[in-house]
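Overview (structure and organization)
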Amino acid sequence: MTSNHPVRPEIIDFYTRSDEAARLHTTATGTLELARTRELLRRHLPPAPARVLDVGGGPGTHARWLVEDGYTVHVVDPVPKHVDQADALDGVTAELGDARHLTAAAGSYDVVLLLGPLYHLRDKADRLSALAEAARVVRPGGLVAAAAISRYSPLLDYMATTGITEPAVQDGVRDTLDRGRYAGQRGFTVAYFQTSAELRAEVTEAGLTDPTLYGIEGPGWVAVKAIEKYTDTNLLGTAMYDAALAAARLAEPHPALTDASAHVLAVSRV
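Residues numbered from 1 in each chain as written. Predicted model: local features only at pLDDT ≥ 70, side-chain atom pairs only at ≥ 80, totals over all residues. Heavy atoms only, no water.

**So, the environment of Arg 100**
Tracing the sequence through the fold places Arg 100 in the loop between strand E3 (92-96) and strand E4 (109-114). Relative accessible area serves as the criterion here: at 4%, Arg 100 is assigned to the buried category. In terms of polar contacts, Arg 100 uses its side chain to reach the side chain of Asp 98, at 2.6 Å. Within the local environment of Arg 100, its side chain forms a polar contact with the side chain of Asp 126, the two groups lying 3.3 Å apart. (Helix = DSSP H or I, 4+ residues; strand = E, 2+ residues; numbered from the N terminus. Buried < 20%, exposed > 50% of the residue type's maximum accessible area, 1.4 Å probe, protein only. Polar contact = N/O pair within 3.5 Å; in protein donor to acceptor, adjacent residues only side chain to side chain.)

In structure tokens:
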């Protein structure tokens, strides 16, 4: 049963204070996430024009390239700042809303994207509700794509940035590995991180059949992040960035490597 709790205030506060519009453009790891998400979605999207509902679409980072590709895009997000940013983009409309309670009519979209909501819904019932709402508003045969943050990403992230040597960080990482919960200690807000097996199970339980799962960034993102930190160099356009992108593509057919990505993408049809 879905809770009626609002989005947690610390999540709204985090995104109000941070610059989510720049996050996927300013570092090689962010750009790797953007490039790979776009690449994977383009394999599955129906031909343009088609109607896309971008739930938790933030400031419209993905909506921008979707509109450029010829799609009609409507963004739903719980952060007022994001709604204003997305609504200001040419060809994009936006509204304040919650992934668990969409205002869209049943079968009214060709595609629903859930690239942000799942990892901010700590209760399974809420994640299932968001997935079921996506399935409800997509037409029969339509596409639902949902992203999760890998449960192993804090371990890899803190290793790359050497934070893992601190006992308090180790306690938090251990708790995330055991239970999936992240308390928002450093650089992020409260979240729930999933294994690819858990994401697959929840997508299926919500009524979305036979999902295809992808590791978005691939295993090379950790090396990229470490090099950027310790050389204070942006690796965009370098051989190391190209190598990480190639590794992500090569890792795709191998499920054992899916959880080595920072994010996991599940793609399914209704």
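That covers the picture; the talk isn't over yet.
**Quick notes on the side chain of His 263**
Its location among the elements puts His 263 in strand E9 (residues 263-269). A polar side-chain atom of His 263 sits 2.6 Å from a polar atom in the side chain of Glu 217. Setting aside chain neighbours within four positions, we find His 263 in contact with Glu 33, Tyr 119, Ala 148, Ile 149, Ser 150, Tyr 214, Gly 215, Ile 216 and Glu 217. (Contact = heavy atoms within 4.5 Å.)

**Comments concerning empty space enclosed by the protein**
Over the atoms, a rolled probe matching the size of one water molecule traces out where space is still vacant. On inspection of all chains with the given rule, the structure shows 1 cavity of 30 Å³ or more. Approximately 40 Å³ is the volume found for the largest cavity. Surrounding the largest cavity, Gly 215, Gly 218, Ala 248, Ala 251, Glu 252, His 254, Leu 257, Thr 258 and Ser 261 form its lining. Here the residues of the lining of the largest cavity sort into 3 nonpolar, 5 polar and 1 charged. (1 Å grid on protein atoms, 1.4 Å probe; cavity = no way out; pocket = protein on both sides within 12 Å on 5 of 7 lines; lining within 4 Å. Points joined across faces, edges and corners; volume = space filled by probe spheres on them. Nonpolar A, V, L, I, M, F, W, Y, C, P; charged D, E, K, R; others polar.)

**Concerning the sheet that holds strand E5 (residues 138-149)**
Taken in spatial order, the 7 strands of this open sheet run E3-E2-E1-E4-E5-E9-E8, and their pairing is mixed. Taken across any chain shown, the strands that pair with only one partner, and hence form the sheet edges, are E3 and strand E8 (209-215). Across the sheet, the axes of successive neighbouring strands diverge by a mean angle of 20 degrees, strand direction being ignored. The sheet contact formed by E5 and E9 spans 7 bridges and is antiparallel. Paired with Leu 143 across the two strands is Arg 269, which belongs to E9. Sheet contacts for helix H3 (residues 28-44): E4, E5, E8 and E9; angle to E9, the most-contacted strand, approximately 15 degrees. (Pairing = 2+ DSSP bridges. Axes fitted to C-alpha atoms, helices over the stretch in contact; angles between N-to-C directions.)

**Digging into the packing of aromatic side chains**
Taken as a whole and assessed by the stated rule, the structure comprises 5 aromatic pairs. On the numbers, 5.0 Å between centres and 80 degrees between planes, the contact of Phe 14 with Tyr 15 is edge-to-face. By relative accessible area, which is 14% here, Phe 14 ends up buried. Counting every residue linked through ring pairs, the aromatic cluster contains Phe 14, Tyr 15, Tyr 119, Tyr 182, Phe 188 and Phe 193. When the ring centre of Tyr 109 is taken as reference, the NZ or CZ atom of Arg 51 above it lies at 4.3 Å. (Phe/Tyr/Trp six-rings, centres within 6.5 Å; stacked < 30°, edge-to-face > 60°. Lys NZ or Arg CZ within 6 Å of the ring centre and 35° of its normal.)

**What about helix H7 (residues 153-160)?**
Along H7, the residues that are buried comprise Ser 153, Pro 154, Tyr 158 and Ala 160. All buried residues of H7 fall inside an arc of 160 degrees around its axis, so they share one side. Contacts made by the buried residues of H7 are with E5, helix H8 (167-179), strand E6 (181-182) and helix H10 (221-231). (Arc of directions from axis to C-beta.)

**So, the environment of Gly 107**
In this fold, Gly 107 is placed in the loop between E3 and E4. In this structure Gly 107 comes out as partly exposed when scored by relative accessible area, which is 35%. C-alpha of Gly 107 to C-alpha of Gly 142: the two residues are 35 residues apart in sequence and 8.6 Å apart in space. What Gly 107 contacts, discounting residues up to four positions off in sequence, is Arg 136, Val 137, Val 138 and Arg 139.

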